[in-house]
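Results of the structural survey
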Amino acid sequence: MKFSLKNKWILITGASSGFGAAAAGVFGREGAKLLLGARRIDRLQKVTAEARKAGAAEAHFHELDVTKTPSVETFIAWATEKIQNPKSKIRNLHVLINNAGGAHGLDTVAEGKDADWEEMIQSNVLGVLRMTRAALPLIPRDAGASIINIGSAAGHTVYEGGAAYCAAKAGELQITRTLRHELFGAGIRVSTVDPGLAETEFSLVRFKGDAARAAKLYAGTIPLSAADVAEILVWVASRPPHVNIDELLVKPVDQVAVGKVFRRKL
Ligand SMILES: NC(=O)c1ccc[n+]([C@@H]2O[C@H](COP(=O)([O-])OP(=O)(O)OC[C@H]3O[C@@H](n4cnc5c(N)ncnc54)[C@H](OP(=O)(O)O)[C@@H]3O)[C@@H](O)[C@H]2O)c1
C-alpha cells in the first residue's frame, strides 16, 4: 500500500528555489509537515506560505548553510524542537531530502577557481554527509522513512568544464550507495534522484548571474521543470515501505546525454 505522507515530518534542504521550493509545494499538497532550509530567508518565507496554502499540515523555515557544520547543527536543533514538540503526534522525521547544492562555473581544470571547486564539494558532497549525520537520530527505523539525495546526470558522465561538478555528483551517488549498505536492516530507505537538464536557477548560479548565457542552455528545447522533479520525489517517498527506489536517472526526452540536446528551430 502507498505510504501516506499526511502529517509526516519532511525536511528539505535548498528549499528557497528550484526543485526544493517545488517539492515544498507538492509534499504540502499531500498534507505533510515541512521543515525548510536554505540561505535566502526572504525566499523561504514565500515558499513556506505557498506550501501552507497548498495544504501542508505545518510548514516552518530556518536559515541553513550546508557548507558549515555549526549551521547544520543549529538547523537540526531547531528541527528537533519542532518534531519533538509534545503537541506533535508523530515525533520522527520520515523524509530527509538532501537537495541543496549546484554548480559554480564551467571552467576547465586549467582555468578552475578554488572558490568554485570548494563551494561545489562543500555543498554537494560534504553538505549531504553533514545533513545526514545530523538528521539520522531523528529518522525512525522500520517506519517507511526515506533519505532522498539529489544527484545529477552529471554524476554518471563527464564533460569539459564539469570536472568538479561531475566529481561532486559522482561523490553524492557513492554516498547514497554507501548509506544503503550502512542502513541495511534498519528499515530506512535510501535513494538518489538524478535529473538531467532542468530549468531552475541552476544555470543562473553556474554562470554567476549571466541570464542570457543561462537562457541559451534551454533555448529551443523542453527541459525538465522543477515541478516534474518534485512530483518524482513525492512518488519515491510514497512507495510502499518495503520498496526502495535505489537510483533514478531522469532526463527530458530532448536530452539523450549531457551535451546532446535536441533543439527545435526558433
Ligand atoms: N537544474 C538542473 O539542471 C539540475 C540537474 C541535476 C541536478 N541538479 C541539482 O539539483 C539540486 C537543486 O538545484 P536546482 O536545479 O533546484 O537549482 P536552484 O534553483 O539554484 O536551487 C538550489 C537550491 O540549493 C540551495 N543551496 C545552495 N547552496 C546552499 C548551501 N550552501 N546551503 C543551503 N542551501 C544551499 C539554494 O538556496 P540558497 O541560495 O537560498 O541557499 C537553492 O534553494 C542541486 O543539488 C543541483 O545540483 C540540478
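See the structure above.
So, a few notes on the structure that sits alongside this text. Residue positions within a chain follow its written sequence, with the count starting from 1. Local features are withheld for residues below a pLDDT of 70 in this predicted model, meaning they are given only at 70 or higher, and side-chain atom pairs are given and counted only at 80 or more; totals for whole chains, interfaces and linings count all residues. To get the side-chain values, all heavy atoms of the structure are used, and hydrogens and water are removed first.

Considerations on the packing of helix H4 (residues 114-135) against helix H5 (residues 163-182)
To define axes, lines are fitted to C-alpha atoms, for helices over the stretch in contact only, and angles between the resulting N-to-C directions are given on a 0 to 180 degree scale. The way it works is that DSSP assigns letters per residue, a run of H or I at least four long becomes a helix, a run of E at least two long becomes a strand, and they are numbered from the N terminus. Contact geometry for H4 and H5: axes closest at 8 Å, N-to-C directions at 10 degrees. By the angle class used here, H4 and H5 are roughly parallel. On the side of H4, the interface is formed by Trp117, Met120, Ile121, Asn124, Val125, Val128, Leu129 and Thr132, while H5 contributes Ala164, Tyr165, Ala168, Lys169, Glu172, Ile175 and Leu179. Considered class by class, the residues forming the contact of H4 with H5 number 11 nonpolar, two polar and two charged. Any angle between 65 and 115 degrees counts as roughly perpendicular, while under 35 counts as roughly parallel, over 145 as roughly antiparallel, and the rest as oblique. Two residues qualify as a contact provided that any one of their heavy atoms is within 4.5 Å of a heavy atom in the partner residue. Ten residues, namely Ala, Val, Leu, Ile, Met, Phe, Trp, Tyr, Cys and Pro, are considered nonpolar, four, namely Asp, Glu, Lys and Arg, are considered charged, and the remaining ones, Gly among them, are considered polar.

Quick word on a nonpolar patch on the surface
On the surface, a cluster of nonpolar side chains totalling about 210 Å² of accessible area is made up of Ile121, Leu126 and Leu129. Structurally, Ile121 is set in helix H4. Here the term buried applies to any residue with accessible area under 20% of the maximum for its type, exposed to any over 50%, and partly exposed to those in between, with areas from a 1.4 Å probe on protein chains only. Under the relative-accessibility criterion, Ile121 is labelled partly exposed at 33%. What makes a patch is a set of residues exposed beyond 30% relative accessible area and free of salt bridges, joined within 9 Å when like-charged and within 5 Å when nonpolar (Val, Leu, Ile, Met, Phe, Trp, Tyr). Each accessible area value is a Shrake-Rupley result obtained with a 1.4 Å probe; residue values ignore everything except the protein chains displayed when judging cover. Criterion for a salt bridge: a side-chain nitrogen of Lys or Arg within 4 Å of a carboxyl oxygen of Asp or Glu.

Description of the pairing of strand S5 (residues 146-150)
Burial analysis of S5 places five of its five residues in the buried class, the great majority of the element. Here strand S4 (residues 93-98) runs beside S5; their pairing, made up of four bridges, is parallel. Across the sheet, residue Ile97 finds its bridge partner in S5, namely Ile148. Crossovers are marked right-handed if the path from the first strand over the helix to the second runs clockwise, as seen with the strands pointing away from the viewer. Assessed by its sense of winding, the connection that carries the chain from S4 through H4 to S5 is right-handed. Relative to strand S6 (residues 189-195), S5 runs parallel, the two sharing five bridges. Paired with Ile147 across the strands is Val190, a residue of S6. If DSSP finds at least two bridges between two strands, the strands pair.

Considering the pattern of salt bridges
According to the stated counting rule, one finds 11 salt bridges in the structure shown. One salt bridge in this structure joins Arg264 and Asp254, with 2.6 Å as the shortest N-O distance. Linking Arg264 in the segment after strand S11 (260-261) with Asp254 in the loop between strand S9 (247-250) and strand S10 (255-257), this pair joins segments that are 10 residues apart in sequence. Here Arg264 falls in the partly exposed class, since its relative accessible area comes to 38%. Residues participating in the shared-partner salt-bridge network are Arg40, Arg43 and Glu201.

Looking at the site of the ligand
We define proximity as follows: a residue is near a molecule or strand when any one of its heavy atoms falls within 4 Å of that partner. Around the ligand, the structure places 30 residues, and the nearest of them are Ser16, Arg39, Arg40, Tyr165 and Thr200. Phe19 is positioned with one of its backbone polar atoms (N or O) 2.8 Å from an oxygen atom of the ligand. Notes on the ligand: free accessible area 870 Å², of which the protein chains cover 95%. For cavity detection a 1 Å grid was placed over the protein atoms alone, and a set of points counts as a cavity when a 1.4 Å probe fits there but cannot get out; an open set counts as a pocket when protein lies on both sides within 12 Å along at least five of seven lines, with lining residues being those that have an atom within 4 Å of a point. What decides whether a molecule sits in a cavity or pocket is whether more than half of its atoms lie within 2 Å of the grid points. Structurally, the ligand is housed in the largest pocket. Secondary-structure elements contributing two or more residues to the shell around the ligand are helix H1 (18-29), H5 and helix H6 (202-206). Within 3.5 Å is the distance limit for a polar contact, defined as a pair of N or O atoms, with the added protein rule that one can donate a hydrogen and the other accept it, and that residues adjacent in sequence qualify only through two side-chain atoms.

Considering the nonpolar core
Grouped together as the largest cluster of nonpolar side chains are 36 residues, with contacts concentrated most on Ile10, Ile12, Phe27, Leu34, Ile97 and Leu233. Of all elements in the fold, only strand S1 (9-13), H1, strand S2 (33-38), helix H2 (41-54), S4, S5 and helix H8 (226-237) reach the threshold of two or more residues within this core. If one sorts the elements of this core by residue count, H8 sits on top with seven residues. Core analysis: the next-biggest nonpolar cluster, separate from the first, contains 30 residues, Leu35, Ile76, Ile147 and Ile175 among them. The definition of a nonpolar core used throughout is a set of buried Ala, Val, Leu, Ile, Met, Phe, Trp, Tyr and Cys residues joined through side-chain atoms within 4.5 Å.

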